[in-house]
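A look at the structure
Residues per chain are reported as follows:
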Amino acid sequence: MLAVFVGLFGMLIGSFLNVVAYRIPLHRSIVSPPSACTDCGSQIKGYDNIPVVSWLVLRGKCRNCGSVISARYPVVELATGLFFAAATVWFVIARVPIRSWSTGPASVAGALELVAFLYLAAISVALTLIDLDTHKLPNRIVLPSYLVGGALLLGAALLGDDGGALARAGIGMAALGLAYLGMALAYPGGMGFGDVKLAGLLGLYLGYLGWEQLLVGAFAAFLLGGLFSIALMVLRRVNRKSGIPFGPWMLGGAWLGVFFGAPVALGYLSVFGLR
C-alpha cells in the first residue's frame, strides 16, 4: 500500500518534472506562469492536468486548439510513478522493513532516508530528460541537490546513529567527484564539468549506502554508456567523434548500484572465493 500511494504521488511529481525539463533549459521559472499549451498559449485547466488520464481522455490533443500533445508527457508521468514505487519497495525490503519501524527516532530516520532517495529519483528523471535534449546538466538542479540530499541523509544518519554512513558519504562524494574531475581535465572533449558535479552528488548517495553500491554504481555507468555507444556505432547512428550525453548513464548506473550493488558485489567476489 505504501508503494502504491508513493507511486501515485510520483505520477504527480512526473507531471511537474515535465515542466522542469521544458523550462529549466530556457531559463524560465518553473512555478509561474501556470502550465499552458505551447501552441495556442491557453492555460491548462486542473481537470486537463491529471497525470496520464487527461492525456488519454483528450486523445493526446489540446482541448482548445487541437494541437498534438507529445506522448512523452504521459510516459514521463507513468515512468516516474513506477520509479517511485520501485524505490519504495527497495527501501522497505532492503533498507528499513516496515515491521522494524518504531515511533521514535528510527521511524523519522527511515522516513528521511526514503524522502532522500525519492528526491534523487525525481532529479534523475529531470536531469535525464534535459541531458538528452540539450547535452547539459544544469547547475540549477545539480548544485541545490547537494544541500537537499546532504541534509536529508545527514538527518537520517544522526537519528539512526549511523556515523559510518556519514563517513562513507563524504568519502564517496570526494572520490567520485575527483575521479571525474581527473577525467575531465585529461580528456576535455569526452567529459564535461556537469558530469563532474553530478558525480560528486551520486557519490554522496552511493557512499551513504555502502562501498559495494559505490563501486558497482560507478562502474555500471561506464558499462551502460559504453554498450550504448557501441550499439549506436554499429548502427552507424554516430561516429567516434560524436558527442553522447553521459549523464543518463551515470544516473542509470547509480540506480543499478542502489538496487543491486550489494548482491552484484558479493556475487563477483564469490567467483574468486572471496565472499
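Residues numbered from 1 in each chain as written. Predicted model: local features only at pLDDT ≥ 70, side-chain atom pairs only at ≥ 80, totals over all residues. Heavy atoms only, no water.

**Notes on the confidence of the model for the chain**
Definition in use: For every residue, the pLDDT score states the predictor's confidence, bounded by 0 at the bottom and 100 at the top. Elements are defined by DSSP. Helices are runs of H or I of four residues or more, strands are runs of E of two residues or more, and each kind is numbered from the N terminus.
In the predicted model, the chain carries a mean pLDDT of 89, and 92% of its residues have values of at least 70. Mean pLDDT across the secondary structure elements of the chain bottoms out at helix α9 (residues 247-271), with 88, and peaks at helix α7 (residues 193-209), with 96.

**Concerning the packing of aromatic side chains**
Test applied: Planes of paired rings set the category: under 30 degrees apart is stacked, over 60 is edge-to-face and the rest tilted, where pairs are Phe, Tyr or Trp rings (Trp by its six-membered ring) whose centres lie within 6.5 Å. Working definition: with a 1.4 Å probe on protein chains only, accessible area under 20% of the residue-type maximum means buried, over 50% means exposed, and in between means partly exposed.
Tallied over the entire structure, the rule returns 11 aromatic pairs. Ring centres of Trp90 and Phe259 lie 6.1 Å apart, and the angle between their planes is 70°; this geometry places the pair in the edge-to-face category. You can see Trp90 sitting in helix α3 (residues 72-95) and its partner Phe259 sitting in helix α9, a full 169 residues away along the chain. Taking the relative accessible area as the measure of exposure, Trp90 reaches 9% and is therefore buried. Its relative accessible area of 23% is what places Phe259 among the partly exposed residues.

**Describing the pattern of salt bridges**
For the record, the criterion: Think of a salt bridge as a Lys or Arg side-chain nitrogen and an Asp or Glu carboxyl oxygen that are within 4 Å of each other.
Under the criterion given, the structure shown has two salt bridges. Between Asp48 and Arg63 there is a salt bridge, with the nearest N and O atoms lying 2.7 Å from each other. Here Arg63 lies in the loop between α2 (53-57) and α3 and Asp48 lies in the loop between α1 (2-23) and α2, a separation of 15 residues in the sequence. Its relative accessible area of 13% is what places Asp48 among the buried residues. A salt bridge links Asp133 to Arg72; the shortest N-O distance between them is 3.0 Å. Taken together, the residues Asp133 in helix α4 (residues 105-134) and Arg72 in helix α3 connect sequence positions 61 residues apart. You can call Asp133 partly exposed: its relative accessible area is 46%.

**What about the nonpolar core?**
Worth spelling out the cut-off: Residues enter a nonpolar core if they are buried and are Ala, Val, Leu, Ile, Met, Phe, Trp, Tyr or Cys, with the set joined through side-chain atoms within 4.5 Å. Contacts are assigned to residue pairs with any non-hydrogen atoms lying within 4.5 Å of each other.
By size, the foremost hydrophobic cluster in this structure holds 56 residues, and its most contacted members are Phe117, Tyr180 and Tyr208. Sorting the residues of this core by element identifies α1, α3, α4, α5 (139-159), α6 (163-186), α7, α8 (211-234) and α9 as the ones contributing at least two each. When residues in this core are grouped by element, the largest group, 13 residues, is from α4. With residues near it in sequence (within four places) discarded, Phe117 still touches Trp90, Leu153, Tyr205, Tyr208, Leu209, Trp255 and Val258.

**Regarding the state of the cysteines**
Threshold: Note on terminology: pairs of cysteine sulfur atoms within 2.5 Å are recorded as disulfides.
For the structure on display, the rule yields zero disulfides. No disulfide involves Cys40; its nearest neighbouring cysteine sulfur is the one of Cys65, lying 3.7 Å away. Judged by relative accessible area, Cys65 falls into the partly exposed class, the value being 39%.

**A look at the environment of Val76**
Residue position: Val76 is located in helix α3. Taking C-alpha positions, Val76 is 15 Å from Ala86, a pair spaced 10 residues apart along the chain. Those residues in contact with Val76 that sit more than four places away from it in its chain are Gly14, Asn18, Val125 and Leu129.

**Details of the packing of α8 against α9**
We count it as follows: Only the stretch in contact is used when a helix axis is fitted, and all axes are lines through C-alpha atoms; the angle between N-to-C directions ranges over 0 to 180 degrees. Roughly parallel here means an angle under 35 degrees, roughly antiparallel means over 145, roughly perpendicular means 65 to 115, and every remaining angle is called oblique. Handedness of a crossing follows from how the near helix is turned relative to the far one, being left-handed for an anticlockwise turn of less than a right angle and right-handed for a clockwise one.
Running from N to C, α8 and α9 point in directions that differ by 130°, and their axes come no closer than 6 Å. One finds that α8 runs oblique with respect to α9. For the element pair α8 and α9, the recorded crossing hand is right-handed. Within the contact between the two elements, α8 uses Glu212, Gln213, Val216, Gly217, Ala220, Ala221, Leu224, Gly225 and Phe228 and α9 uses Trp249, Met250, Gly252, Gly253, Ala254, Leu256, Gly257, Val258, Gly261, Ala262, Val264 and Ala265.

**Observations concerning empty space enclosed by the protein**
Counted only if it meets this: A pocket, in this scheme, is an open set of points on a 1 Å grid over the protein atoms alone with protein on both sides within 12 Å along at least 5 of 7 lines, while a cavity is a set where a 1.4 Å probe fits but cannot get out; residues line either one if an atom lies within 4 Å of a point. Grid points are joined across faces, edges and corners, and a volume is the space filled by probe spheres set on the points. Polar here means any residue other than Ala, Val, Leu, Ile, Met, Phe, Trp, Tyr, Cys and Pro, which are nonpolar, and Asp, Glu, Lys and Arg, which are charged; Gly is therefore polar.
Taken as a whole and judged by the stated rule, the model has one cavity of 30 Å³ or more. Taken as a whole, the largest cavity spans an internal volume of roughly 60 Å³. Taken together, Leu176, Tyr180, Ala199, Leu202, Leu206, Gly217, Ala218, Ala221, Met250 and Ala254 make up the lining of the largest cavity. Counting only elements with at least two residues in the lining of the largest cavity, the list comes to α6, α7, α8 and α9. Here the lining of the largest cavity is built from residues that sort into nine nonpolar, one polar and no charged.

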